[in-house]
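# Inside the fold
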Amino acid sequence: MTLMQWFIFFLVIQGIHGLGTWKLYIKAGRQAWEAFIPVYNAVVLMKIINRPWWWTILLFLPIVNLIMFAVVWVETARSFGKNSNIDSLLAVLTLGFYNYYLNYFAEVEHNKDRSLQPRTGLGDWVSSILFAIVAATIVHTYFIQPFTIPTSSLEKTLLVGDFLFVSKLNYGARIPMTTIAAPMVHDTIPFPKIKSYVSRFELPYLRFPAFQKIKHNDIVVFNWPVDTMLDMRHTDKYYYKPIDKKTNYVKRCVGLPGDSLEVKNGFVYINGKQNVLPDRAKLQFSYMIETKNGPFNSSQLANRYNITDFPQYNQDGSVSYFPAITDEDLNTFKNHPNVKSITPLKEEKGKRDPNIFPQNPDYNWNNDFFGPLYIPQAGKTIDINLNVLPLYKRVITAYEGNTLKIQGNQILINGKIATTYTFKQDYYWMMGDNRHNSQDARAWGFVPFDHVVGKPVFIWMSWNTNGKGLEKIRFDRLFTTVGGSGQPVSYFIPFLVILFGWMGYNKWRRRKKNS
């Protein structure tokens, strides 16, 4: 829906509310017209139901408002003496239209000084749960979102099993586009494994101001632009998903809007200069290693040389494939007494990989030799022709909402012949440090800014599935920062000291108050 359509819908809802409550407003000592004025009517209603004015804000926050509407419907009924469970159920099941019955047919009086405490233990429990969900949803949607690292594409900086807190504030919190969805879950409700949202009634893309811009080498969480997952196991190229319900990905941003990017021998070059990664980042490549006396001990290699992806051997064990080794570990590994030869597994320049962006036979690109490629910047204009069209076709159509047709040698955008195109938003190039084992922009292209979710800032938990007992917990990674230089420092012990100190202080304060 467009902003104008939402505005009309908003006015219709205000009219429905006014027609269903104006007599109740009068019975509460207010004026009838106050029930029809948008936003103001909600502020007045909070006074009528004896609730704080800031509840009005919650009524306009997507997802949160789905819960708050039901709460306000029930609170309105109770403010006019309808306190039974049946009344509360009817208020919710009729989507608030129970107010029409109270407004036109029921003999009710406003209870100005009613008690706000739930009358039953069940009511108290339900009330506590609802407001806990509201608070958690606000934090999850607009401030901090928990996130888990599922793959090794950023290995050494972020490990498989790291549990992150991702800040929405750094790059600007995005207003949810899906207005009808289950709170605090993504595209699938976990146990029944059903879709968690309704893809109708979408809001246009809106975002709060950012505290910072994305910089080179920032680690960024974003929605996978080409996601068409029906569920966690099945894909359909025609399946539509709203932007904010596409699968969450985490990669390193190596290319910014306006950059010219090229990959040479696996290394990224930006505007002609090799990209220099932070000291915590470690590039990894694949190698074929020939041994002298049979296979290695995989677990010993993993522990001694920090190899996270175990090697794969041929039948006699004399040749092994190592999916990911850093240069630092490789230099040490060369001295192993059982190593005969080491061969890097990099593709030749000019040899086309059909799975590499833009998946077009005119571009002989692969994982290790790619580009040069211009990364679109908002407001910048490029010449557009049949040669460069494969690079920007998805940007023009899927991400920026234009129609595109080819007639002979001519390109028609929105029905008009086009020789240039001006980009509407910024785009980014996201890649993994594990260069031969990363599903990244080399496969699916640009990431639009409206797909950016946030910035990982903190690792609160790290779980090693290959460990045993307490070794499953990587204690040295608990409560460490994602950014910064040097070795990560764990703040887990200071956190425990502060936590137990605070708990002890509260216990002492309660004892002192009761003494």
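The following paragraphs examine the structure supplied in this document. (Residues numbered from 1 in each chain as written. Predicted model: local features only at pLDDT ≥ 70, side-chain atom pairs only at ≥ 80, totals over all residues. Heavy atoms only, no water.)

### Observations concerning the sheet that holds strand S9 (residues 260-264)
- Strand order in the open sheet formed by four strands is S11-S10-S9-S16, with antiparallel pairing between adjacent strands. With partners counted over all chains shown, the strands left at the sheet margins are strand S11 (273-274) and strand S16 (370-374), one partner each.
- Here strand S10 (residues 267-270) runs beside S11; their pairing, made up of two bridges, is antiparallel. Looking at the pairing, Ile270 lines up with Lys273 of S11. (Pairing = 2+ DSSP bridges. Helix = DSSP H or I, 4+ residues; strand = E, 2+ residues; numbered from the N terminus.)

### Here we look at the pattern of salt bridges
- Scanning the model with the defined rule gives 12 salt bridges in all.
- A salt bridge links Asp162 to Arg477, with the nearest nitrogen and oxygen atoms 2.7 Å apart. You can see Asp162 sitting in strand S2 (residues 162-167) and its partner Arg477 sitting in the loop between strand S24 (452-462) and strand S25 (480-481), a full 315 residues away along the chain. Like Arg477, Asp162 is buried.
- A salt bridge links Glu290 to Lys340, with the nearest nitrogen and oxygen atoms 3.5 Å apart. Placement of Glu290 in strand S12 (residues 284-291) and of Lys340 in strand S15 (residues 339-344) is noted, with a sequence separation of 50 residues between them. (Salt bridge = Lys/Arg side-chain N within 4 Å of Asp/Glu carboxyl O. Buried < 20%, exposed > 50% of the residue type's maximum accessible area, 1.4 Å probe, protein only.)

### Notes on the nonpolar core
- Grouped together as the largest cluster of nonpolar side chains are 44 residues, with contacts concentrated most on Leu261, Phe370, Leu373, Trp429 and Phe446.
- Per-element tally for this core: the top contributor is helix H10 (residues 389-399), with six residues.
- Residues within four places of Phe370 in sequence aside, it is in contact with Leu261, Glu262, Val263, Ile356, Phe357, Trp365, Trp429 and Arg442.
- Counting residues in each nonpolar core, the second largest holds 34 residues, with Tyr25, Val44, Val74 and Ile138 among its members. (Core = buried A, V, L, I, M, F, W, Y, C linked by side-chain atoms within 4.5 Å. Contact = heavy atoms within 4.5 Å.)

### Quick look at the packing of aromatic side chains
- In the structure shown here, the tally under the stated rule is 34 aromatic pairs.
- Geometrically, the ring pair formed by Tyr428 and Phe449 is tilted, given 6.1 Å between the ring centres and 50° between the ring planes. Of the two residues, Tyr428 is situated in strand S22 (residues 427-431) and Phe449 in the loop between strand S23 (447-448) and S24; the sequence distance between them amounts to 21 residues.
- Tyr428 gets classed as buried once you look at its relative accessible area, which sits at 6%.
- With a relative accessible area of 22%, Phe449 lands in the partly exposed category.
- Considering the side-chain rings of Phe479 and Phe492, the 5.6 Å spacing of their centres and the 35° angle between planes classify their relative orientation as tilted. With Phe479 in the loop between S24 and S25 and Phe492 in helix H12 (residues 492-514), the pair connects residues that are 13 residues apart, well separated along the chain.
- The ring of Tyr197 carries Lys195 above its face, with NZ or CZ at 5.2 Å from the centroid. (Phe/Tyr/Trp six-rings, centres within 6.5 Å; stacked < 30°, edge-to-face > 60°. Lys NZ or Arg CZ within 6 Å of the ring centre and 35° of its normal.)

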